[in-house]
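Understanding the architecture of this molecule
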Amino acid sequence: MRITEKRFWIGSVMRIDLRFDMTNGSMLNCCLVQEKKMGRGKIEIKRIESNTTRQVTFCKRRNGLLKKAYELSVLCDAEITLIVFSSRGRVYEYANNNIKSTIERYKKVTSNTPGTWTTEEINAQFYQQESKKLRQQIQMLQNTNRHLMGEGLDCLNLKELKQLEGRLEKGISRVRSKRNDMILAETEALQKREIELENLNTFLRSKIQMAESMQQLNMNAAQEYNAWQAYMARNTLQLNIMGPPIEDIPSEYSIPVKPFLHLG
């Protein structure tokens, strides 16, 4: 049986779930479901660690901020200048009036205000705030590291403990996956090396067998040559014992040598 499910939405909170048997085209059941509309949860205000998520959030909130500035300037007839620098150094600005004139107006207002700060004091305050943020980030990283080591867990609630457990499980799964990949790669390399050594061993054995065969052939040839020399030596000895050489024995077929006659 091959079952297929389809959903049809009615508005934003109602839907119809249908289940079909694709083998004969019949409908198995039909139900109407009403979903509860979930409200938007609170977002913890802290630095986003993921570069991609941080960039997407920056683009969305920057556009929202520019839109709010525009709406405020139109609805309330306010003079607004908004300047935003991204972490990459890009500048984004909005002004319903000339930016320079608005900045000059701001300088005049602040210069006439008693107790204004100098540039050095403003820079010092900025660096103090940045150093404070850095100390907080370092403290947060140290706490996270201690939590990952299983220390200082008394200050965490149930939700934070579950999140920590999930992070540890993901980290352990990645470590195990990496370990298994390395073991598999090493096993494949060892198997390949084993095949190469077996081929080399087979080649060396064939060479040894060929050398042994050649050595055996040489030994057999030497033995045959020695036997042949011994046989020839025995035959020569027997002929010497039996009489003079064959060429000294007269034969009936031999032609007598006549003396030559010299004239004069």
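Residues numbered from 1 in each chain as written. Predicted model: local features only at pLDDT ≥ 70, side-chain atom pairs only at ≥ 80, totals over all residues. Heavy atoms only, no water.

1. Some thoughts on the overall build of the protein chain
Across its full length, the protein chain holds 4 helices and 5 strands. A burial count over the protein chain gives 6% of its 264 residues as buried. A fraction of 12% describes how many contacts in the protein chain between residues 6 or more apart in sequence connect residues 24 or more apart. For the protein chain, the computed accessible surface area is about 24,400 Å², with 58% contributed by carbon and sulfur atoms. (Helix = DSSP H or I, 4+ residues; strand = E, 2+ residues; numbered from the N terminus. Buried < 20%, exposed > 50% of the residue type's maximum accessible area, 1.4 Å probe, protein only. Contact = heavy atoms within 4.5 Å. Areas by Shrake-Rupley, 256 points an atom, 1.4 Å probe, with all protein chains shown as cover.)

2. Some thoughts on unusual backbone geometry
Of note in this structure, Asp77 is not a glycine but carries a positive phi near 55 degrees. By the secondary structure assignment, Asp77 is in the loop between α1 (51-76) and β4 (81-85).

3. Quick look at the side chain of Thr102
The topology assignment puts Thr102 in helix α2 (residues 99-112). A relative accessible area of 13% means that Thr102 is categorised as buried. At a separation of 3.3 Å, a polar atom in the side chain of Thr102 contacts the side chain of Thr81. With near-sequence residues (within four places) excluded, Thr102 lies in contact with Glu79, Thr81 and Asn97. (Polar contact = N/O pair within 3.5 Å; in protein donor to acceptor, adjacent residues only side chain to side chain.)

4. Things to note about the packing of aromatic side chains
Going through the model one piece at a time under the given rule, you end up with 4 aromatic pairs. The positively charged end of Arg62 is found above the aromatic ring belonging to Tyr92, 4.2 Å away from the centroid. (Phe/Tyr/Trp six-rings, centres within 6.5 Å; stacked < 30°, edge-to-face > 60°. Lys NZ or Arg CZ within 6 Å of the ring centre and 35° of its normal.)

5. Regarding helix α3 (residues 119-148)
Because each turn of an α-helix spans 3.6 residues, side chains separated by three or four positions end up pointing in the same direction. With 30 residues, α3 ought to run about 44 Å at 1.5 Å a step, and its terminal C-alpha atoms sit 43 Å apart, in line with that. Gly150 lies just past α3 and shows a positive phi near 85 degrees. (Expected span 1.5 Å × (residues − 1).)

6. Observations concerning the pattern of salt bridges
Going through the model one piece at a time under the given rule, you end up with 4 salt bridges. Here Glu130 ties to Lys133 by a salt bridge, and the two come within 4.0 Å at their closest N and O atoms. Of this pair, Glu130 and Lys133 both sit in helix α3, 3 residues apart, which is roughly one turn of that helix. A relative accessible area of 30% places Glu130 in the partly exposed class. A salt bridge links Arg193 to Glu196, with the nearest nitrogen and oxygen atoms 3.5 Å apart. With Arg193 and Glu196 both in helix α4 (residues 158-242) and 3 residues apart, this pair spans about one turn of that helix. (Salt bridge = Lys/Arg side-chain N within 4 Å of Asp/Glu carboxyl O.)

7. Some thoughts on a nonpolar patch on the surface
A cluster of nonpolar side chains, contributed by Ile83, Phe85, Val91 and Ile103, occupies part of the molecular surface with about 370 Å² of accessible area. Among the structural elements, Ile83 can be located in strand β4. (Patch = residues over 30% accessible without salt bridge, like charges linked within 9 Å, V, L, I, M, F, W, Y side chains within 5 Å.)

8. What to know about the nonpolar core
In terms of nonpolar packing, the biggest core is built from 5 residues, these being Ala69, Ile80, Leu82, Val84 and Tyr94. Excluding anything up to four places from it in sequence, Ile80 contacts Ala69, Leu72, Ser73, Tyr94, Ala95 and Asn96. (Core = buried A, V, L, I, M, F, W, Y, C linked by side-chain atoms within 4.5 Å.)

9. Re the environment of Ser206
Mapped onto the fold, Ser206 is located in helix α4. On the basis of relative accessible area, Ser206 is assigned to the partly exposed category, the value being 33%.

10. Quick notes on the confidence of the model for the protein chain
Here the protein chain averages 79 in pLDDT, while 73% of its residues score no lower than 70. The lowest-confidence element of the protein chain is strand β3 (residues 26-34), averaging 64 in pLDDT; the highest-confidence one is β4, averaging 91. Considering only residues more than four positions removed or in separate chains, one finds that residues 251-255, a stretch of pLDDT under 50, has 0 contacts. Predicted confidence for residues 260-264 stays below pLDDT 50, and this span has 0 contacts to residues more than four positions away or in other chains. (pLDDT = per-residue confidence, 0-100.)

11. Structural notes on the pairing of β4
The alternating pattern of β4 places Leu82 and Val84 on a buried face and Thr81, Ile83 and Phe85 on a face that is not buried. When β4 meets strand β5 (residues 91-95), the two strands line up antiparallel, connected through 5 bridges. What sits directly across from Val84, in β5, is Tyr92. Here β4 hands over to β5 after 5 residues, with Gly89 in that stretch at a positive phi of 95 degrees. (Pairing = 2+ DSSP bridges.)

12. Quick notes on α1
Its 26 residues place the ends of α1 37 Å apart at the C-alpha level, agreeing with the 38 Å of an ideal helix rising 1.5 Å per residue. The secondary structure elements touched by the buried residues of α1 are β4 and β5. Looking one or two residues beyond α1, the residue adopting positive phi is Asp77, at roughly 55 degrees.

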